[in-house]
Amino acid sequence: MSEKPFEENPHSKASLESSGHEIGELRDLTIDPIAEKKLRRKLDFLLLPLATLCYTFFFLDRSNIGNAKSAGMDKDIGLHTFDFNIGTCLFYVVYLLTEIPCVLMVKRFGFWLLPLSIVCFGVVTLSSAFIHNRTGFYLTRIFLGFCEAFQLPGLSYFLSRYYRRSELTSRIGTFMIVAGGSAGAFGGLLAAGLLARGKIGSRESWQNIFLVEGIITTGIGLILLFIFPTDPERTTMLTEEERELAKRRIFVDQPDIKYTKEAMSKVLIKRGAFNVTTLCCTWLYIVGTAPIFKSKVFAAFNVSVQGLGIFLPSILRVNYPEASSIRIQILVVPIYITASVVALLGTIGCIKFKVHWVFCLTGALLNIIGYSIWTATDSSAAKVRYAACFLNMSGGFLGGPVVLGWAASNASPDTIRAMVGAVVSGIGGIGSIAGVWAYVQTDAITGYHKGNVFNLSMAATLVVTCIGLFLWQLQENRKRERGERDYRLQKEDVGTLGNLHPSFRFIY
């Protein structure tokens, strides 16, 4: 099995102190920059490939429904006008309701839950190859929503246990973008190959996609169960000196915390969900990473950057009605590659220039331009609309990790760091649920003009929210520099102030 997790007892201070999580053991909090650089490189080499691998299969098994639909799944299992919308909606409702409980389970019981969830949603994907009616479609989407709810917030929290605030955005960006881009491109090529393969046993066509991807995902999850690391205080992938340095980095990065992993409390959980940064980033995530594309047949939408390609193959089918299924899958590939490069450069820029709002604003503007193209053109402008897909996908890919990094970089202490990923990406499902019904088949006669205008308007709110959050954080930093928040030091719970601490500075 994976490394033994730290057993947190929320009612026992002694258990925290005896576990090596207490600051009293680290009297000297100075950090050798050379040793820190070596540790950071080691973490990048060991952790990022694991996070990327997990997220690749998370993204692949979420978005393959689009590949299957474009290959005729909806017709084969007898889905009617709104059935596909309802099934997809059920996925996001379950995902939204379970993300926060799932990430709190990860904090409480350990990171081994992440590879276990991969095994579970691999099995669900595999079972999707054997559905034959609407009920089976609904059930598999419900179970997939629960199993996948562990991944994005869990991986974000996992990285926040090892990296400093100023290092998080590029790392979150790396695993989200590389995984999302490679899964989207690889998924298209794999789907094309599987569709051309013919029968695999008793399965054929779209069933092959679920069958093969489910088997691969389950196998990868089983392997990861044995190698996935636990908390930095206990992991065997680091030496004793590296573990001490990893703990020291956590203490230095967050003012006056006593433990690297404090006990959970209702107060901290509530603070993690309801604060200005989290709420603003949640809205940015809902709108900026849920682009909805115009289609003659159905709505195309996404809950977050990992779901941006669910309906892309079918959108391309509208643009190129005479193209074969294999060609449609191949047309997806350059969109993902372009979006991945743009977004990766953006997240690196966040760290290099120590700024998030500029790159978040850039993603918003790309979405606005893309929606404007869809609103202003009709089906005769196939090439222009294809170009708009590049803009919308790039804006969504850039917005997702930048917004998550923005939220995570300003979260402290540990419970709040665990919460923000779940709140931002989980509540982001609201945008997807609304998006399901923004474009319905009965509105096809209008060309879905109302839906496109709605999404263009929502994308415009990104600009206001992004600039507003930047100005608020800038003003709050100035107030703390002037000592206007020093009164908080008189409270008894100084060790859990985290991002409320007068010496805490927002990274905007």
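Thresholds applied
Residues numbered from 1 in each chain as written. Predicted model: local features only at pLDDT ≥ 70, side-chain atom pairs only at ≥ 80, totals over all residues. Heavy atoms only, no water. Helix = DSSP H or I, 4+ residues; strand = E, 2+ residues; numbered from the N terminus. Buried < 20%, exposed > 50% of the residue type's maximum accessible area, 1.4 Å probe, protein only. Contact = heavy atoms within 4.5 Å. Areas by Shrake-Rupley, 256 points an atom, 1.4 Å probe, with all protein chains shown as cover. Axes fitted to C-alpha atoms, helices over the stretch in contact; angles between N-to-C directions. Parallel < 35°, antiparallel > 145°, perpendicular 65-115°, else oblique. Left-handed = near helix turned anticlockwise from the far one by under 90°. Nonpolar A, V, L, I, M, F, W, Y, C, P; charged D, E, K, R; others polar. Phe/Tyr/Trp six-rings, centres within 6.5 Å; stacked < 30°, edge-to-face > 60°. Salt bridge = Lys/Arg side-chain N within 4 Å of Asp/Glu carboxyl O. Polar contact = N/O pair within 3.5 Å; in protein donor to acceptor, adjacent residues only side chain to side chain. Core = buried A, V, L, I, M, F, W, Y, C linked by side-chain atoms within 4.5 Å. Expected span 1.5 Å × (residues − 1). pLDDT = per-residue confidence, 0-100. Disulfide = S-S within 2.5 Å.

> What is the right way to read the overall build of the protein from this model?
Scanning the protein from terminus to terminus reveals 19 helices and zero strands. Looking at the protein residue by residue over its 508 residues, the buried ones come to 63%. At a minimum sequence separation of 6, the contacts of the protein that also span at least 24 residues come to 80%. For the protein, the computed accessible surface area is about 18900 Å², with 66% contributed by carbon and sulfur atoms.

> Even after reading the chapter, I still don't get the side chain of T278, so can you show me in this structure?
Relative to the helices and strands, T278 is located in helix α12 (residues 276-288). Judged by its relative accessible area of 1%, T278 falls in the buried class.

> Could you clarify how one ought to interpret the packing of helix α2 (residues 33-70) against helix α6 (residues 134-148) in this entry?
When two helices pack together, their arrangement is given by the angle between the helix axes and by the axis-to-axis distance. Two elements in contact, α2 and α6, have axes whose closest approach is 12 Å; the angle formed by their N-to-C orientations is 155 degrees. It follows from the interaxial angle that α2 and α6 lie roughly antiparallel. In terms of crossing hand, the pair formed by α2 and α6 is left-handed. For the pair α2 and α6, contact is made by F58, D61, R62 and I65 and by F137, R141, L144 and E148, respectively.

> I keep staring at the packing of helix α5 (residues 113-128) against helix α9 (residues 206-227) and nothing clicks. Help me out?
Two elements in contact, α5 and α9, have axes whose closest approach is 7 Å; the angle formed by their N-to-C orientations is 160 degrees. In terms of axis orientation, α5 runs roughly antiparallel to α9. Crossing geometry of α5 relative to α9 is assigned as left-handed. Residue-level inspection shows P115, L116, I118, V119, F121, G122, V123, T125, L126 and S128 of α5 in contact with α9, the latter providing W206, F210, L211, E213, G214, I215, T217, T218, G221, L222, L224 and L225. Here the residues of the contact of α5 with α9 are counted per class, giving 14 nonpolar, seven polar and one charged.

> Would you explain the packing of aromatic side chains in this entry?
Two descriptors summarise a pair of aromatic rings, namely the distance from one centre to the other and the angle between the planes of the rings. Inspection of every chain in the model, using the stated rule, returns 18 aromatic pairs. Consider the rings of Y55 and F175, whose centres lie 5.2 Å apart with planes at 85 degrees: the pair is edge-to-face. Taken together, the positions of Y55 in helix α2 and F175 in helix α8 (residues 168-197) put the pair 120 residues apart, joining distant regions of the chain. Across the pair, F175 and Y55 agree in class, each one buried. Taken together through their ring pairs, the aromatic side chains of F111, Y157, F158, Y162 and F228 make up a single cluster.

> Sorry if this is basic, but what is going on with the pattern of salt bridges here?
Note on pairing: side chains with opposite charge can pair once their charged atoms come close. All chains considered together, the criterion is met by 18 salt bridges. The shortest N-O distance in the salt bridge between E36 and R164 comes to 3.0 Å. Of the two residues, E36 sits in helix α2 while R164 sits in the loop between α7 (151-160) and α8, which places them 128 residues apart along the sequence. Comparing E36 with R164 shows no difference in burial state: the two are buried. When salt bridges with common partners are traced through the structure, they connect E36, R40, R164, E167, R249 and D253 into a single cluster.

> What is the right way to read the side chain of S412 from this model?
For S412, the position within the fold is in the loop between α16 (382-409) and α17 (414-427). For S412, a relative accessible area of 0% puts it in the buried group. At 2.4 Å, the side chain of S412 and the side chain of Q254 are in polar contact.

> Help me understand the environment of I351, please; the structure alone is not making it clear to me.
Mapped onto the elements of the fold, I351 is located in helix α14 (residues 325-353). On the accessibility criterion, I351 (24% relative accessible area) is partly exposed. Between the alpha carbons of I351 and S166 there is a distance of 6.7 Å; along the sequence they are 185 residues apart. The residues touching I351, leaving out its near neighbours within four places in the chain, are S166, E167, T169 and S170.

> Any chance you could explain the nonpolar core here in plain terms?
Where a protein is soluble and globular, its nonpolar side chains tend to be buried together. In this structure, Y55, L159 and F175 are the most contacted members of the largest nonpolar core, which totals 99 residues. Here this core gets 14 residues from one element, more than from any other, and that element is α16. A68, A129, F137 and V212 belong to the second largest nonpolar core, which has 20 residues in total.

> Is there a simple way to explain the environment of I86 in this structure?
Summarising the element assignment, I86 is placed in helix α4 (residues 83-109). Exposure remark for I86: the relative accessible area of 32% places this residue in the partly exposed category. Each C-alpha atom of the pair I86 and R141 lies 10.0 Å from the other, and the pair is 55 residues apart in sequence.

> Would you explain unusual backbone geometry in this entry?
One can expect most non-glycine residues to show negative phi and most peptide bonds to be in trans. Residues S412 and P413 are joined by a peptide bond in cis, for which omega reads 5 degrees. Within the secondary structure, P413 is located in the loop between α16 and α17. The phi dihedral of K354 falls on the positive side, at around 55 degrees, and the residue is not glycine. Looking at K354, the relative accessible area reads 60%, which means it is exposed.

> What am I meant to see in helix α15 (residues 357-376) here?
Each α-helix turn comprises 3.6 residues. Residues three or four places apart therefore point the same way. An ideal rise of 1.5 Å per residue puts 28 Å on 20 residues; α15 measures up with 28 Å between its terminal C-alpha atoms. Those residues of α15 that sit buried are F359, C360, L361, G363, A364, L366, N367, I368, G370, Y371 and W374.

> Can you help me understand the confidence of the model for the protein in this one?
Interpretation of the predicted coordinates at a detailed level should be avoided for regions scoring low in pLDDT. Considering every residue of the protein, the mean pLDDT works out to 79; 81% of them sit at 70 or more. Averaged pLDDT values for the elements of the protein fall to 36 in helix α1 (residues 13-18) and rise to 93 in α5. Ignoring residues within four places in sequence, the model shows residues 5-20, a span with pLDDT below 50, making 38 contacts including any to other chains. Every residue in residues 290-310 is under pLDDT 50, and counting partners more than four places away or in other chains gives 112 contacts.

> Help me understand the environment of I172, please; the structure alone is not making it clear to me.
Its place among the elements puts I172 in helix α8. Accessibility expressed as a relative area gives 0% for I172, which makes it buried. When the C-alpha atoms of I172 and L159 are compared, they prove to be 7.6 Å apart, with 13 residues separating the residues in sequence. If near-sequence neighbours (up to four positions away) are discounted, I172 is found in contact with L159, P401, L404, G405 and A408.

> Explain the state of the cysteines to me, please; I cannot follow it from the model alone.
Simply put, the disulfide is a covalent bond whose two ends are the sulfur atoms of two cysteines. If you walk through the whole model with that rule in mind, you get zero disulfides. Lacking any disulfide linkage, C360 is separated from the closest cysteine sulfur, that of C466, by 4.0 Å.

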